2 protein chains.
Amino acid sequence: MANGPAGSPPTERRPVKYCSECGQPVRLKIPAGDNRPRHVCDACGTIHYQNPKIVAGALPVWEDRVLLCRRAIEPRYGLWTLPAGFMENGESMEEAALRESGEEANARLELQGLYTVISLPTINQVYVLYRARLQDTDFAPGEESLETALFREAEIPWDRLAFRTIRYTLERYFEDRRRGTFPLHEHVITANNRQPDHQPAKPPQM
Amino acid sequence: MANGPAGSPPTERRPVKYCSECGQPVRLKIPAGDNRPRHVCDACGTIHYQNPKIVAGALPVWEDRVLLCRRAIEPRYGLWTLPAGFMENGESMEEAALRESGEEANARLELQGLYTVISLPTINQVYVLYRARLQDTDFAPGEESLETALFREAEIPWDRLAFRTIRYTLERYFEDRRRGTFPLHEHVITANNRQPDHQPAKPPQM
């Protein structure tokens, strides 16, 4: 919740201007023994490393339907997503996925294993999404959601999904469900995580 | 490489004292709409989120032997580990695992799938380790390693391993190799990632 909007440029892409240890200006340089530029404080010597963030979430299923949330926050206000958000310090990946599902959809889940792991090197994020069984249908929108609803495969709003990570995960899920097996899927999305380009309602461009 | 020593308390555990945007002192408070304390700058409004880091690495195998590296850096100087280190911005998890294997052991690998995913909530890290096939035996210590060597199962220095994550991964690997199947293993280590407590050379305490 509130830990910066998932899918948006992470705070790490903001250059560090001042040292968080001593308040003096920092500069970008390659530290001794390193091989890439870091924000370094010449006053106190602190090196300010910046690393990818984990976005943890779930694909909650009730019978033949999947729970989606319609976003009440930017980015992608009004578009549909799976419950997911930035993993916090002090929690495990599974705890993060359960917490986000509670916060965004008031959903109680039983996790059924890690399902998709998606690196987004252009925005310094890694999505980790779990398959999950909804324990009841008493879900409801949290503060970051306008609506929460269950969708059969034919009802998924493919052209109104918030993120390519979500589309990738839903596509794998329905494929795997037909096959009856749910292996881990690893994926890398190198283009920007913009609007989905998958619009199955329209014929392909010739 | 050099991106802070994996296994050590991450820089995120260091409190933010000054705003990296404007250099003014920050204070710890719960921002509006949030539910946990953050370092917030009252001067410019920036909220300084802190999140877990990913440590990516590999379990490189040559025939019946596993490649380990003896650490030339703190923490755990002189103890053995699998090649692994902090994932950098701008790379995928697989790229991070390959890069670390190159930097620490000059090893060329073919990754064979994500194998262990280990949350360490007490130190705000997630380890992601890949099974891998060594492409040749021309490995050699990088700057962060004293030695690199191949070990059969009976030769693994169980009482001189650097991290519990590494021990967990090696234990799973040898078990799985006997079974002939290598499923993904998810795990949470909640105690501190201290010296290994697994010392199979000693009889169990009665």
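Residues numbered from 1 in each chain as written. Chains lettered and ligands numbered in written order. Predicted model: local features only at pLDDT ≥ 70, side-chain atom pairs only at ≥ 80, totals over all residues. Heavy atoms only, no water.

**Q** A description of the overall build of chain A should follow, citing residues and the corresponding values.
**A** Each helix and strand in chain A was counted, giving two helices and eleven strands. Taken from the N to the C terminus, the helices and strands of chain A come in the order β-β-β-β-β-β-β-α-β-β-β-α-β. A buried classification covers 55% of the 206 residues belonging to chain A. The long-range fraction of contacts in chain A, counting pairs at least 24 apart against all pairs at least 6 apart in sequence, stands at 66%. For chain A, the exposed area adds up to about 8,900 Å²; of that, 48% sits on carbon and sulfur atoms. (Helix = DSSP H or I, 4+ residues; strand = E, 2+ residues; numbered from the N terminus. Buried < 20%, exposed > 50% of the residue type's maximum accessible area, 1.4 Å probe, protein only. Contact = heavy atoms within 4.5 Å. Areas by Shrake-Rupley, 256 points an atom, 1.4 Å probe, with all protein chains shown as cover.)

**Q** Explain the nonpolar core to me, using residue names and the numbers behind them.
**A** Ranked by internal contacts, the top residues of the largest apolar core, which has 44 residues, are Met93(A), Val128(A), Met93(B) and Val128(B). Among all residues touching Met93(A), those that are not within four sequence positions of it are Ala56(A), Met87(A), Leu114(A), Val128(A), Tyr130(A), Val117(B), Ser119(B), Val126(B) and Glu186(B). (Core = buried A, V, L, I, M, F, W, Y, C linked by side-chain atoms within 4.5 Å.)

**Q** Residues and numbers for helix α1 (residues 93-105) of chain A, please.
**A** Residue and element names in this part refer to chain A. If you check α1, its first and last C-alpha atoms are 18 Å apart, about what 13 residues at 1.5 Å a residue would give, namely 18 Å. Along α1, the residues that are buried comprise Met-93, Ala-96, Ala-97, Arg-99, Glu-100, Ser-101, Glu-103, Glu-104 and Ala-105. Asn-106, located one to two residues past α1, shows a positive phi value of around 45 degrees. (Expected span 1.5 Å × (residues − 1).)

**Q** Now, about the sheet that holds strand β3 (residues 47-48) of chain A: what can you tell me, with residues and values included?
**A** One open sheet accounts for three strands, arranged β1-β2-β3 (chain A); its pairing is antiparallel. Where the open sheet ends on each side, the last strands, each with one partner, are β1 (27-29) and β3 of chain A. (Pairing = 2+ DSSP bridges.)

**Q** Go over the relation of the copies chain B and chain A, please, and point to the residues and values.
**A** Of the two same-sequence chains, chain B is brought onto chain A (RMSD 0.0 Å, axial shift 0.0 Å) by a rotation of 180 degrees. Such a combination of turn and shift is consistent with a two-fold rotation axis. Residues of chain B ranked by C-alpha distance from the rotation axis are headed by Gly23(B), positioned 2.3 Å from it. Most of the interface of chain B is mirrored in chain A: 100% of its interface residues are interface residues there too. (Least-squares fit on C-alpha atoms with pLDDT ≥ 70 in both.)

**Q** Mind laying out helix α2 (residues 164-179) of chain B, listing which residues take part and the relevant values?
**A** Residue and element names in this part refer to chain B. The end-to-end C-alpha distance of α2 is 23 Å, a good match for the 22 Å that 16 residues give at a rise of 1.5 Å each. Within α2, twelve of the 16 residues are buried, leaving the element largely enclosed by the surrounding structure. Among the residues making up α2, those that are buried are Arg-164, Thr-165, Ile-166, Arg-167, Tyr-168, Thr-169, Leu-170, Glu-171, Arg-172, Tyr-173, Phe-174 and Asp-176. Turning to α2, the residues buried within the fold contact β4 (53-62), β5 (65-71), β6 (80-81), β8 (109-120), β9 (125-134) and β11 (185-188). Once α2 ends, the next one or two residues include Gly-180, with phi positive near 80 degrees.

**Q** Explain the pairing of β4(B) residue by residue, including any values.
**A** Residue and element names in this part refer to chain B. In terms of burial, β4 is largely enclosed, as nine of its ten residues are buried. Pairing of β4 with β9, which is carried by nine bridges, proceeds in the parallel orientation. Residue Val-61 lies in a different strand from β9, and its bridge partner there is Arg-133. Strand direction decides the pairing type here: β4 and strand β7 (residues 84-86), joined by three bridges, are antiparallel. Following the sheet pairing, Gly-57 is matched in β7 by Ala-84. With two bridges connecting them, β4 and β5 associate as antiparallel partners. Considered in β5, the bridge of Val-61 is made with Val-66. In textbook terms, the turn of a hairpin is the stretch between consecutive antiparallel strands, and for β4 and β5 this stretch comprises two residues, one of which, Glu-63, has a positive phi near 55 degrees.

**Q** Kindly report on the sheet that holds strand β3 (residues 47-48) of chain B, identifying the contributing residues and their values.
**A** Read from one edge of the open sheet, three strands run β1-β2-β3 (chain B), paired in antiparallel fashion. Each of the sheet's edge strands pairs with one partner strand only, and the pair in question is β1 (27-29) and β3 of chain B.

**Q** Let's hear about the pattern of salt bridges: which residues, and what values?
**A** Once their charged atoms are close, side chains differing in charge can pair, the charge on each being opposite to the other. With the rule as written, the count across this model stands at 40 salt bridges over all chains. A salt bridge links Arg152(A) to Asp64(A); the nearest nitrogen and oxygen atoms lie 3.0 Å apart. Of this pair, Arg152(A) sits in the loop between β10 (145-151) and α2 (164-179) while Asp64(A) sits in the loop between β4 (53-62) and β5 (65-71); the two residues are 88 residues apart in sequence, bridging distant segments of the chain. Under the relative-accessibility criterion, Asp64(A) is labelled partly exposed at 32%. When the shortest N-O distance is used, the salt bridge between Arg172(B) and Glu175(B) registers 2.8 Å. Of this pair, Arg172(B) and Glu175(B) both sit in helix α2, three residues apart, which is roughly one turn of the helix. Judged by its relative accessible area of 13%, Arg172(B) is buried. (Salt bridge = Lys/Arg side-chain N within 4 Å of Asp/Glu carboxyl O.)

**Q** Provide a residue-level description of the confidence of the model for chain A, including the pertinent values.
**A** Residues and elements named next belong to chain A. Taken over all residues, the pLDDT of chain A has a mean of 89, while the share at 70 or more is 86%. The low-confidence segment residues 4-12, where pLDDT is below 50, has 31 contacts with residues more than four positions distant or belonging to other chains. Within the model, pLDDT remains below 50 along residues 195-206, and this stretch shows twelve contacts once partners closer than five positions in the same chain are excluded. Overall fold confidence (pTM) sits at 0.89, and the ipTM for the predicted complex is 0.88. (pLDDT = per-residue confidence, 0-100.)

**Q** Report on the side chain of Glu103(B), specifying residues and quantitative values.
**A** Secondary-structure assignment places Glu103(B) in helix α1 (residues 93-105). A polar contact is formed between the side chain of Glu103(B) and the side chain of Asn35(A), at a distance of 3.2 Å. (Polar contact = N/O pair within 3.5 Å; in protein donor to acceptor, adjacent residues only side chain to side chain.)

**Q** Provide a residue-level description of the interface of chain B and chain A, including the pertinent values.
**A** Each partner contributes residues to the interface: chain B has 52 residues there, and chain A has 52 residues. Of the roughly 4,300 Å² buried between chain B and chain A, counting both surfaces, carbon and sulfur atoms make up 48%. Our enumeration of links across chain B and chain A arrives at six salt bridges. The closest approach of N and O atoms between Glu88(A) and Arg38(B), which form a salt bridge, is 2.6 Å. At the surface where chain B touches chain A, the tally comes to 22 residue pairs in polar contact (both at pLDDT 80 or more). Of all the elements in the fold, those that place two or more residues in the side of chain B that touches chain A are β4, α1, β8, β9 and β11 of chain B. A breakdown of the residues in the side of chain B that touches chain A according to their chemical character gives 21 nonpolar, 16 polar and 15 charged. (Buried area = accessible area lost by both parts, 1.4 Å probe. Nonpolar A, V, L, I, M, F, W, Y, C, P; charged D, E, K, R; others polar.)

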